[in-house]
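# A structural walkthrough
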Amino acid sequence: HSNFFTNREKNGQKVFWSRGKGWVMAGLARVLDGLPKDYPTRPKYVNQYKEMAARLASIQSPDGLWRPGLLDAQAYDVPEISGSGFFVYALAWGVNQGILDRKTYMPVIEAGWKGMLSHVYEDGRLGSIQPIAGGPANFKPSTSYVYGVGAFLLAGSELHSLAAHSRQINSLD
């Protein structure tokens, strides 16, 4: 949406919406997964993916999650699970593919997953998912939507692959 070019967060930073950037990051991982290794512009997309991964790791909140507005975390009361799920998925995918450094990114991935699990409530719902909107907004921790569950499952499945890959590596030692 064009208003993102001029809109600002309360702290004056540009608006970078967690779920929107989550789609971008997960999309990059999915595209790279299917893009031939010798594709002429693949290095451009790998570089973009790595830059985004590094920036996301640098703005992860102490609870392991990301807020709806990525560059003004203090303006949002609760984390946003759908964006966080896409980030955890994409980072785990990068480690699985050997694109991201395991020692650097495993603490980010593990903290993100632990944070996401803290929003699985006793009744089985996954909460802290921002409703459909035109940008980052505040909402209640109990807010739950299926698209957030999808991002959670995507992250969980990639973490399962990451754990299986780690077991294979350890068995070779």
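Throughout, a residue's number is its position along its own chain's written sequence, starting from 1. For this predicted model, a pLDDT threshold of at least 70 governs which residues receive local features, and a threshold of 80 or more governs which side-chain atom pairs are given and counted, while totals over whole chains, interfaces and linings are taken from all residues. Working from all heavy atoms in the structure, the side-chain values ignore hydrogens and water.

## Remarks on the packing of helix α3 (residues 81–96) against helix α4 (residues 102–117)
Running from N to C, α3 and α4 cross one another at 150 degrees; their axes reach a closest spacing of 9 Å. The angle between α3 and α4 places the two elements in the roughly antiparallel class. Once α3 is placed against α4, the crossing between them reads as left-handed. Across the interface between the two elements, Ile81, Ser84, Gly85, Val88, Leu91, Ala92 and Val95 of α3 pack against Arg102, Tyr105, Met106, Val108, Ile109, Gly112, Trp113 and Met116 of α4. Angular values range over 0 to 180 degrees, each being the angle between N-to-C directions of two axes fitted as lines to C-alpha atoms, with helices fitted over their stretch in contact. In DSSP terms, a helix is any run of H or I states spanning at least four residues, a strand is any run of E spanning at least two, and both are numbered starting from the N terminus. Put simply, angles under 35 degrees are roughly parallel, angles over 145 are roughly antiparallel, angles from 65 to 115 are roughly perpendicular, and the rest are oblique. A crossing counts as left-handed when the near helix is turned anticlockwise from the far one by less than a right angle, and as right-handed when that turn is clockwise. Contacts were defined at the residue level, with two residues in contact if any of their heavy atoms lie within 4.5 Å.

## Section: unusual backbone geometry
One non-glycine residue, Ser128, lies in the positive phi region at around 60 degrees. Positionally, Ser128 belongs in the loop between α4 and α5 (146–172). Exposure categories follow from relative accessible area, calculated using a 1.4 Å probe and restricted to protein chains: below 20% of the type maximum is buried, above 50% is exposed, and the middle band is partly exposed. Judged by relative accessible area, which is 0%, Ser128 ranks as buried.

## A word on the nonpolar core
Buried residues of nine kinds, namely Ala, Val, Leu, Ile, Met, Phe, Trp, Tyr and Cys, make up a nonpolar core once their side-chain atoms join them within 4.5 Å. Ranked by size, the top nonpolar core spans 39 residues in total, and within it Met25, Tyr49, Leu56, Trp66, Leu91 and Ile109 carry the most contacts. If you tally residues by element for this core, the top one is α3, at 10 residues. Contact partners of Leu56, with chain neighbours within four places excluded, come to Met25, Trp66, Leu70 and Phe87.

## Quick notes on the packing of aromatic side chains
Classification of ring pairs rests on two measures: the distance between centres of Phe, Tyr or Trp rings, Trp counted by its six-membered ring, which must be within 6.5 Å, and the angle between planes, read as stacked under 30 degrees, edge-to-face over 60 and tilted in between. For the structure on display, the rule yields five aromatic pairs. Seen from their ring centres, Trp66 and Phe87 are 5.2 Å apart, and the 75 degrees between their planes marks the pair as edge-to-face. Here Trp66 is found in the loop between α2 (42–58) and α3, whereas its partner Phe87 is found in helix α3, with 21 residues between them in sequence. Among the residues examined, Phe87 registers a relative accessible area of 0% and is labelled buried. Their ring planes at 5 degrees and their centres at 5.5 Å tell us that Tyr145 and Tyr147 sit as a pair that is stacked. Overall, the relative accessible area of 34% leaves Tyr145 in the partly exposed class. We classify Tyr147 as partly exposed; its relative accessible area is 22%.

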